[in-house]
Amino acid sequence: MKYRIAVVLVGLAGVAAAQPGRLRHEYVPPETLARFDPARAEAAILGDGPMPDAIRRDGARLEQPGPPGADSPLLRDPETPPPSDAPSIPRPEEARPDRETGADSNLKYHVIYNPSVAPLRRNVAFDTVEDDYRLTIADSPRRRVPIVGDRKARPGRELFWGDLKVDLVGEDAPLPSVAPDMRILALRTEPSGVAVTLVKDAADNFYVRAPAHRGEVRLVFLVDADQAYFSSPVPGNVLLGHAGGDPMTALPPRARRAGQRVLGKLGMGPEMPFDQGLDALVGYFRGFRAGPPPDSSADIYEDLALGEVGVCRHRSFAFMITARAAGVPTRVVHNEAHAFVEVRAPDGRWRRVDLGGEAPELSIGGGEGRRLHQPTPDAFPKPEAYQSQYSSMLTHGAPPGESTAAGDPPAIEGAPPPLGPDGPPAVGDGVAPGDGGGGDGMGGAVGDGSDAIDGIAEGASDGEGDPPVTDDPFAPPVGPPTAVPLPEVVEGDVADALPSDGLPEGVPVRVQLEMPEALSGFRGEALGETARGRVVDPTTGQGVAGVKIQLYLVPVGHGVPVPVGKGRQTGADGRFEAPITLPPTLRLGAYRLVAASEGTPSWAAGRSDVP
């Protein structure tokens, strides 16, 4: 197959060639430039030995958690009374829908990770909908989670310290996580020498297993997670319902029928492009408001979904049923203060989707001396009501001061300052830790590796399919948003990961793309060229009509393919054409232009850069 490669050199936004009506230079506030400082974006693991001394993220040094304090949290069964001398975190085994749709009472959340992912920690992920609409965890074999032992930060993955106490009673003890693909890089126990194994189930719930030990154990650990989970665009060259039949779209017959009725009333369906369909779902459920219960019928799901009322648990429950009815793999995640959903995109990677929630106050414990994780704002619709809710305010901007007057935003108390140079000096830079020293602590005491766990090889690596370990000085910063709107930075894994998994098997079409050898342009502007190509039968060379084509900019080297514009349909002769406008959020760099086709009942997907 013959095709041309277009290398696109993207210039800085606001710096343009001299043309009428365009500025050669544009003032950029210093606080905005600071967010693009490579020194801020640097992520590093500091120190030798089984347990590193510290990590460096966005200009802040975060020390290994020090001695435990009275506020070190304990994960417990919700049926067990909370201890009187320390905070505890309940972890339910199921969730039942209810009609208490008014604003939640004051919520309490305790920090485990540093940076803290408040209020979006994964205590438990539910992957099954029962006949009575209960959300549960499917029975599945639990697979071992190795301690990887990496000593370099990997591009596209974010680092976190963890600190938690668990009560080991001969059964697997749940371990809250920051992301479903979380890797354990290092771990120690107190008391030392306790042999533990980490495992997880099919819903990516993590557990601690210690057959030979009984009693309370403190775990101090370093993890990393896929940056795409927290904020990353989703592809649009497949249908919303492309994964229909996947176990993560399973519903009981009653729920599936109800979900299809709701989709019909909302004007949505599995035939929508994935990105547009997901945008529509997220925008709809983020628009819910707390208030009186909806009119009651025989189906609580339909009442909530069509009544557009409820807080985080109602939105997440109704979203899961609706999305699964459309063929979108979805799970619901709960913690002690919040509920949200996870969606698996066509690239096979999970995305965290917060739908918001309403409460007059959120109190965060254990945040002293820690930092707050604020990823690049997600690309989903953000209705005005959603932007003033506690979860959005924590993840997308600085929390407000105390405020309890009617109509005011919720009061958020105890939130750590965000990462970045604008925050206070971190522990390890001559600043003493806050009182209580436990939880997500950055205490001054640093482990020397002598407390390495028995029974697990600290330096072991799974070694399967890992990308090369390289330093990435252009990794995107994750500091707080500023008053100046800032484009989302696209970042991720290998460049060849165009979405094609799960599409129909069979003979792929041949996608031909004709372009000039090289083009250059500015973000947010049209290149003045039109991409032209043809989809043909590889056997006969005849054009194939009615195939959807999506253009992508594929970074040269590492990075996630970036969709360009909307999908196009091939004409009767199999030809297609599309103008090229560079996305305003594109990173600087060189790119290949690739056309990817959607699979059909007759043809498998094809790509212009694959013979």
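Heads up: the structure comes first, above all this text.
Quantities reported herein were computed from a predicted structural model and do not represent experimental measurements.

Undergrad: For this particular structure, what's the right way to read the pattern of salt bridges?
TA: Should their charged atoms come close, side chains of opposite charge can pair. Counted by the stated rule, this structure contains 35 salt bridges. Salt-bridge contacts for Arg218 lead to Asp163; the nearest nitrogen and oxygen are separated by 2.7 Å. You can see Arg218 sitting in strand 18 (residues 215–226) and its partner Asp163 sitting in strand 13 (residues 157–168), a full 55 residues away along the chain. Given the relative accessible area of 1%, Asp163 is considered buried. Between Arg344 and Asp246 there is a salt bridge, with its nearest N and O atoms 2.6 Å apart. Of this pair, Arg344 sits in strand 20 (residues 339–344) while Asp246 sits in the loop between helix 3 (227–230) and helix 4 (253–266), placing them 98 residues apart in sequence. Each of Arg122, Arg143, Lys200, Asp204, Arg331 and Glu342 takes part in a single network of salt bridges with overlapping partners.

Undergrad: How should I be thinking about the sheet that holds strand 29 (residues 575–581) in this particular structure?
TA: Two orientations exist for strands paired in a sheet by backbone hydrogen bonds: parallel and antiparallel. Read from one edge to the other, the open sheet built from three strands follows the order 24-26-29, with strand pairing classed as antiparallel. Strand pairing shows two members of the sheet lacking a second neighbour, strand 24 (510–514) and strand 29, which therefore form its edges. Taking the axes of each pair of neighbouring strands and ignoring which way they run, one obtains an average angle of 25° across the sheet. When strand 24 meets strand 26 (residues 526–536), the two strands line up antiparallel, connected through five bridges. Across the sheet, residue Gln512 finds its bridge partner in strand 26, namely Arg534.

Undergrad: Before we go on, may I ask you to explain unusual backbone geometry in this structure?
TA: Generally, phi is negative for residues other than glycine and the peptide bonds are trans, each holding for most cases. Residue Pro115 follows Asn114 across a cis peptide bond; omega there is 5°. For the bond from Ala118 to Pro119, the omega torsion is -5°, close enough to zero to count as cis. Considering the arrangement of structural elements, one finds Pro119 in the loop between strand 8 (113–114) and strand 9 (124–126). Located in the positive-phi region is Glu308, a residue other than glycine, with phi close to 55°.

Undergrad: Mind showing me how you'd approach the sheet that holds strand 27 (residues 548–555) here?
TA: One open sheet accounts for three strands, arranged 28-27-30; its pairing is antiparallel. In this open sheet, the two edge strands, each paired with only one partner strand, are strand 28 (562–569) and strand 30 (591–597). For this sheet, the mean angle separating the axes of adjacent strands, direction not counted, is 20°.

Undergrad: Sorry if this is basic, but what is going on with the packing of aromatic side chains here?
TA: Both the distance between ring centres and the angle between the ring planes are used here to describe each pair of aromatic rings. Applying the stated criterion across every chain yields a total of 10 aromatic pairs. A ring pair is formed by Tyr284 and Phe285, whose centres lie 5.1 Å apart and whose planes are at 90°; its orientation type is edge-to-face. Neither residue differs from the other here; Tyr284 and Phe285 are each classed as buried. Relative to Phe319, the ring of Phe285 has its centre 5.6 Å away and its plane inclined at 75°; by these criteria the two rings are edge-to-face. Linking Phe285 in helix 5 (residues 274–286) with Phe319 in helix 7 (residues 312–325), this pair joins segments that are 34 residues apart in sequence. One aromatic cluster is present, formed by Tyr284, Phe285, Phe288 and Phe319 through successive ring pairs. When the ring centre of Phe160 is taken as reference, the NZ or CZ atom of Arg57 above it lies at 5.2 Å. Lying across the ring of Trp350, Arg331 places its NZ or CZ 3.7 Å from the centre.

Undergrad: Explain helix 6 (residues 300–307) here, please?
TA: Helical geometry: 3.6 residues make up each α-helical turn, so side chains three or four residues apart lie on a common side. For helix 6, the buried fraction is high: six of the eight residues fall into the buried class. Among the residues of helix 6, those classed as buried are Ile300, Tyr301, Glu302, Asp303, Leu304 and Ala305. Those residues of helix 6 that are buried lie in contact with helix 4, helix 5 and helix 7. Its side-chain oxygen at 3.1 Å from the backbone nitrogen of Tyr301, Asp299 defines the N-terminal cap of helix 6. Just beyond helix 6, the residue with positive phi is Glu308, at close to 55°.

Undergrad: Hey, could you run me through the environment of Arg144 in this one?
TA: Note on placement: Arg144 falls in strand 12 (residues 143–145). On the accessibility criterion, Arg144 (48% relative accessible area) is partly exposed. Arg144 sits 63 residues away from Tyr207 along the chain, and the two C-alpha atoms are 9.6 Å apart.

Reading the values: rules and limits
Residues numbered from 1 in each chain as written. Predicted model: local features only at pLDDT ≥ 70, side-chain atom pairs only at ≥ 80, totals over all residues. Heavy atoms only, no water. Salt bridge = Lys/Arg side-chain N within 4 Å of Asp/Glu carboxyl O. Helix = DSSP H or I, 4+ residues; strand = E, 2+ residues; numbered from the N terminus. Buried < 20%, exposed > 50% of the residue type's maximum accessible area, 1.4 Å probe, protein only. Pairing = 2+ DSSP bridges. Axes fitted to C-alpha atoms, helices over the stretch in contact; angles between N-to-C directions. Phe/Tyr/Trp six-rings, centres within 6.5 Å; stacked < 30°, edge-to-face > 60°. Lys NZ or Arg CZ within 6 Å of the ring centre and 35° of its normal. Contact = heavy atoms within 4.5 Å. Polar contact = N/O pair within 3.5 Å; in protein donor to acceptor, adjacent residues only side chain to side chain.

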